[in-house]
Amino acid sequence: MRNRAVQAAAAVTIALSASLGSVATAFAADPPAATSSVLVNTDNRALGLTGVLNARDAGGYRTVDGRTVRTGLVFRTGELSKATDADLAKLTADNVVSVHDLRTSYEQLMGRDKVPAGATEHHDDIIGQAPPQVLASTLSAGTALYSAFITAPGANEGFANVLRDIAYNPGGVLFHCTAGKDRTGWTSAVLLTILGVDKDTVYYDYLLSNYYRGAKDGDMLNGVTASALDSAFDQATKSYGSFDAYVRDGLRLTDADITALKAKMLA
C-alpha cells in the first residue's frame, strides 16, 4: 500500500512538473500596470538569462513607510536545469552564493539544477510531503495548490528556510521552483509583505510572471492569476488568524529574524 502511495505521488508530481514547467516562448504584450511603489521597471528587473525562465531581481520596490527594497541581493527564477555557461557566469557576477530549490524530489530528477560556481544548494521541498490526493488537486495550479503552500507538511519549514537565509546570508540568495511562478511567487509575496510593500505592489510583482512567461490572462498553466494568490493569503489567515500570525506561528520567524531581514533588504 505504501509503495502504491509513493508511486502515485511520483506520478502526480511528475505531471505537476510538466504542467507548471510548460515553456512559454515570448513575453506577453504588456506587463501589469505598475503601482507608484515600483522603482525598477521590467526591462531592468530581468536578469537576461537565456536558459532560465522568469529570472528577475526580487527587489526594487518602495515600502509603505518610504523605504526601498534593495536590488542585487535576492533573485527569483524558474528551474536552473537548462542554465547556460553564460547564465551561470552572470549569476556568479551577481554574487549568488545560495540557491534554494523549492521543487519536489521527482521534479529534481527530471531536471537537476546547474548552479553558479561555489554556490550552496538547498532543497526546500514545499509540496512533496502532501498526500497524493492533495497533490492531484494541485495540477491546475489553482486555489488548492496555493492553499497547500500553507497547509502541506514541510511547506512552512521550506519557505522559512529561504527567508532566514535571505536574512542572515551576506551574499546573494536565489530561490526557484519549476516555472518560477507559483511556489516562487508565494515566497516573493511573503518576503515583500514582511518588508512592508503594499498589497497592490505585491500583486504586481506576482503577476509579472505572466509577462515574463508570455501567458495570457486566465492561463493558469503557463501563468498566474490574482485569485490564486488571494487563496494563499486567505488560507494563511484561516489557518493562523492573520498574516502576521502565519509568519510568527506558521513560519516561526522570530522578531530577530524579521529585524535581520529588514536590515539586509531595506535602504
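Details of the structure are given in the entry above.
The sections below set out a description of the structure shown in this document. Bear in mind the structure is a predicted one, so any value in this text is a computation, not a measurement.

## Regarding the side chain of Lys-264
No. 1: Position of Lys-264 relative to the elements: it lies in helix α12 (residues 255-265).
No. 2: The side chain of Lys-264 is buried and forms no salt bridge, while Asp-165, the nearest opposite charge, is found at 6.7 Å.
No. 3: In terms of polar contacts, Lys-264 uses its side chain to reach the backbone carbonyl oxygen of Ile-166, at 2.9 Å.
No. 4: When sequence neighbours within four positions are dropped, the list of residues in contact with Lys-264 reads Arg-70, Leu-73, Asp-165, Ile-166, Ala-167, Asn-169, Gly-171 and Val-173.

## Points about the pattern of salt bridges
No. 1: In the structure shown here, the tally under the stated rule is 10 salt bridges.
No. 2: In this structure, Lys-90 engages Asp-94 in a salt bridge whose closest nitrogen and oxygen atoms are separated by 2.7 Å.
No. 3: One salt-bridge network, in which partners are shared between bridges, spans Glu-79, Asp-101, Arg-103 and Asp-113.

## Section: the side chain of Asp-205
No. 1: By the secondary structure assignment, Asp-205 is in helix α9 (residues 199-212).
No. 2: Since its relative accessible area comes to 1%, Asp-205 is described here as buried.

## Examining the pairing of strand β5 (residues 172-176)
No. 1: The element β5 is largely enclosed, with a buried count of 5 among its 5 residues.
No. 2: The side-chain alternation of β5 yields two buried faces, one formed by Gly-172, Leu-174 and His-176 and the other by Val-173 and Phe-175.
No. 3: The pairing of strand β3 (residues 96-101) with β5 spans 5 bridges and is parallel. Paired with Asp-101 across the two strands is His-176, which belongs to β5.

## Some remarks on helix α7 (residues 155-168)
No. 1: Look at α7: 20 Å from first C-alpha to last across 14 residues, which is about the 20 Å you get at 1.5 Å a residue.
No. 2: α7 sits mainly inside the fold: 10 of its 14 residues count as buried.
No. 3: Of the residues making up α7, those classed as buried are Ala-155, Asn-156, Gly-158, Phe-159, Ala-160, Val-162, Leu-163, Asp-165, Ile-166 and Ala-167.

## Notes on the packing of aromatic side chains
No. 1: Scanning all chains against the criterion turns up 11 aromatic pairs.
No. 2: Measuring from ring centre to ring centre gives 6.1 Å for Tyr-146 and Tyr-206, while their planes differ by 85°; the resulting arrangement is edge-to-face. Here Tyr-146 is found in helix α6 (residues 143-151), whereas its partner Tyr-206 is found in helix α9, with 60 residues between them in sequence. Considered together, Tyr-146 and Tyr-206 belong to a single accessibility category, that of buried residues.

The rules behind the values
Each residue is numbered by its place in its chain's sequence as written, counting from 1. Only residues with pLDDT of 70 or above have their local features reported here, since the model is predicted, and side-chain atom pairs are shown and tallied only from 80 upward, although totals for entire chains, interfaces and linings are computed over all residues. Each side-chain value is derived from all of the structure's non-hydrogen atoms; neither hydrogens nor water enter the calculation. A run of H or I in DSSP becomes a helix once it reaches four residues, and a run of E becomes a strand once it reaches two; helices and strands are each numbered from the N terminus. The buried label goes to any residue with under 20% of its type's maximum accessible area, the exposed label to any with over 50%, and the partly exposed label to all in between, with areas taken from a 1.4 Å probe on protein chains only. Charged-residue counts in this description rest on Lys and Arg as positive and Asp and Glu as negative, His and the chain ends being excluded. By definition here, a salt bridge exists when the distance from a side-chain nitrogen of Lys or Arg to a carboxyl oxygen of Asp or Glu is within 4 Å. Residues adjacent in sequence count toward polar contacts only when both atoms are side-chain atoms; beyond that, a polar contact is any pair of N or O atoms within 3.5 Å, and within protein one must be able to donate a hydrogen and the other to accept it. By definition in these notes, contact holds between two residues if any of their heavy atoms fall within 4.5 Å. A pair of strands is considered paired only if DSSP assigns at least 2 bridges between the two. Helices are assigned an expected span. That span is 1.5 Å times one less than the residue count. Two rings from Phe, Tyr or Trp (for Trp, the six-membered ring) form a pair when their centres are within 6.5 Å of each other. A pair whose planes differ by under 30 degrees is stacked, one over 60 is edge-to-face, and the rest are tilted.

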